[in-house]
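This is what each chain is made of:
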Amino acid sequence: MTQERYNRVLIALHWLLALALIGQFGLGLWMEEIPKDPPGVRAYWFNLHKSIGLLIVLFVLWRMAWRLTHAVPALNNTPAWQAKVANLTHGVMYVLMLLIPVSGFLGSSFSQYPVKFFGLILPRLWEPQPVFKDFLSEVHEFSALTLAAFVVLHVLAVIWHTVVKKDGLLNRMRWGA
């Protein structure tokens, strides 16, 4: 039996992660501009960003596990090359959704500051190493910008399918019966 749309769990996880990632991206850009004085203000926002990032990892892993264990709607009437591009794009987005928080966590764990999860100090994995911290910060930022570009590509593809092709592809994400 061919499924016509994603199940409600995948739809909910899609939109939850979309909102969380957009919020994290905005917070990440904004908090870079926070001055280091007075002490504590910048640290509060960075720790909140890290805490939300750790939650995002859990939701991404849940989404990936659900996606791998549940049927998804077929790409009917879609040329093979477009289906391959769509699958590749989604695969890259999943990798980036994991790489961003993991590189952020690892970079933070190489810094001189403790990693906190909503105020709870997590165990230090190793001693501070500025070179590793800087490298992982670059990976984190580059990955976030790359994911943002893929999200724009994803949204443009949805618009193209909805406005130009009018093929009902967006119905796969419809919540109702």
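For the structure itself, consult the block above.
Report follows, based on the coordinates.

Conventions adopted
Residues numbered from 1 in each chain as written. Predicted model: local features only at pLDDT ≥ 70, side-chain atom pairs only at ≥ 80, totals over all residues. Heavy atoms only, no water. Helix = DSSP H or I, 4+ residues; strand = E, 2+ residues; numbered from the N terminus. Buried < 20%, exposed > 50% of the residue type's maximum accessible area, 1.4 Å probe, protein only. Contact = heavy atoms within 4.5 Å. Areas by Shrake-Rupley, 256 points an atom, 1.4 Å probe, with all protein chains shown as cover. Lys, Arg positive; Asp, Glu negative; His and termini not counted. Charge placed at Lys NZ, Arg CZ, Asp CG, Glu CD. Salt bridge = Lys/Arg side-chain N within 4 Å of Asp/Glu carboxyl O. Axes fitted to C-alpha atoms, helices over the stretch in contact; angles between N-to-C directions. Parallel < 35°, antiparallel > 145°, perpendicular 65-115°, else oblique. Left-handed = near helix turned anticlockwise from the far one by under 90°. Nonpolar A, V, L, I, M, F, W, Y, C, P; charged D, E, K, R; others polar. Expected span 1.5 Å × (residues − 1).

**Some details on the overall build of the chain**
- The helix and strand inventory of the chain stands at four helices and two strands.
- Traced from its N-terminal end to its C-terminal end, the chain shows the element sequence α-α-α-β-β-α.
- Seen through its principal axes, the chain has C-alpha atoms that stretch 55 × 30 × 25 Å.
- Taking all 177 residues of the chain together, the buried fraction comes to 29%.
- Considering only contacts in the chain between residues 6 or more positions apart, those separated by 24 or more positions represent 72%.
- Per element, the accessible surface of the chain, about 11500 Å² overall, is 72% carbon and sulfur.
- Taking the average location of the 15 positive side-chain charges in the chain and that of its 9 negative ones, the two points are 14 Å from each other.

**Some thoughts on the pattern of salt bridges**
- According to the stated counting rule, one finds one salt bridge in the structure shown.
- One salt bridge in this structure joins Lys165 and Asp167, with 3.9 Å as the shortest N-O distance.
- Residue Lys165 is classed as partly exposed on the basis of its relative accessible area of 29%.
- Take Asp167: its relative accessible area is 35%, and that puts it in the partly exposed class.

**Here we look at the packing of helix H1 (residues 8-31) against helix H2 (residues 41-69)**
- Following both chains from N to C, one finds H1 and H2 inclined at 155°, their axes separated by 10 Å at the closest point. By the criterion of interaxial angle, the relationship of H1 to H2 is roughly antiparallel. Handedness of the H1/H2 crossing: left-handed.
- Residue composition of the contact of H1 with H2, grouped by class: 18 nonpolar, five polar and three charged.

**Side note on unusual backbone geometry**
- The residue after Asp37, namely Pro38, is reached through a cis peptide bond having omega 5°.
- Secondary-structure assignment places Pro38 in the loop between H1 and H2.
- Even without being a glycine, Phe118 presents a positive backbone phi close to 50°.
- Relative to the helices and strands, Phe118 is located in the loop between strand S1 (116-117) and strand S2 (120-121).
- Judged by relative accessible area, which is 48%, Phe118 ranks as partly exposed.
- Even without glycine at this site, Lys166 takes up a positive phi of about 50°.
- Residue position: Lys166 is located in the segment after helix H4 (130-165).

**So, the side chain of Arg63**
- By the element assignment, Arg63 lies in helix H2.
- Sequence-distant contacts of Arg63, that is, excluding residues within four places in its chain, are made with Leu10, Leu13, His14, Leu17, Tyr94 and Met97.

**Focus: H2**
- The end-to-end C-alpha distance of H2 is 43 Å, a good match for the 42 Å that 29 residues give at a rise of 1.5 Å each.
- Of all the residues in H2, the buried ones are Arg42, Phe46, Asn47, His49, Lys50, Ser51, Gly53, Ile56, Val57, Val60 and Arg63.
- Along its buried surface, H2 packs onto H1, helix H3 (80-109), S1 and H4.

**Quick notes on the packing of H2 against H3**
- Direction vectors running N to C along H2 and H3 enclose 145°, while the axes themselves pass 9 Å from each other. Helix-helix and strand crossings are classified by hand; for H2 and H3 the assignment is left-handed. Along its contact with H2, which presents Lys50, Gly53, Leu54, Val57, Val60, Leu61, Arg63, Met64 and Arg67, the element H3 presents Tyr94, Met97, Leu98, Pro101, Phe105 and Ser108.
- In the contact of H2 with H3, the residues fall into ten nonpolar, two polar and three charged.

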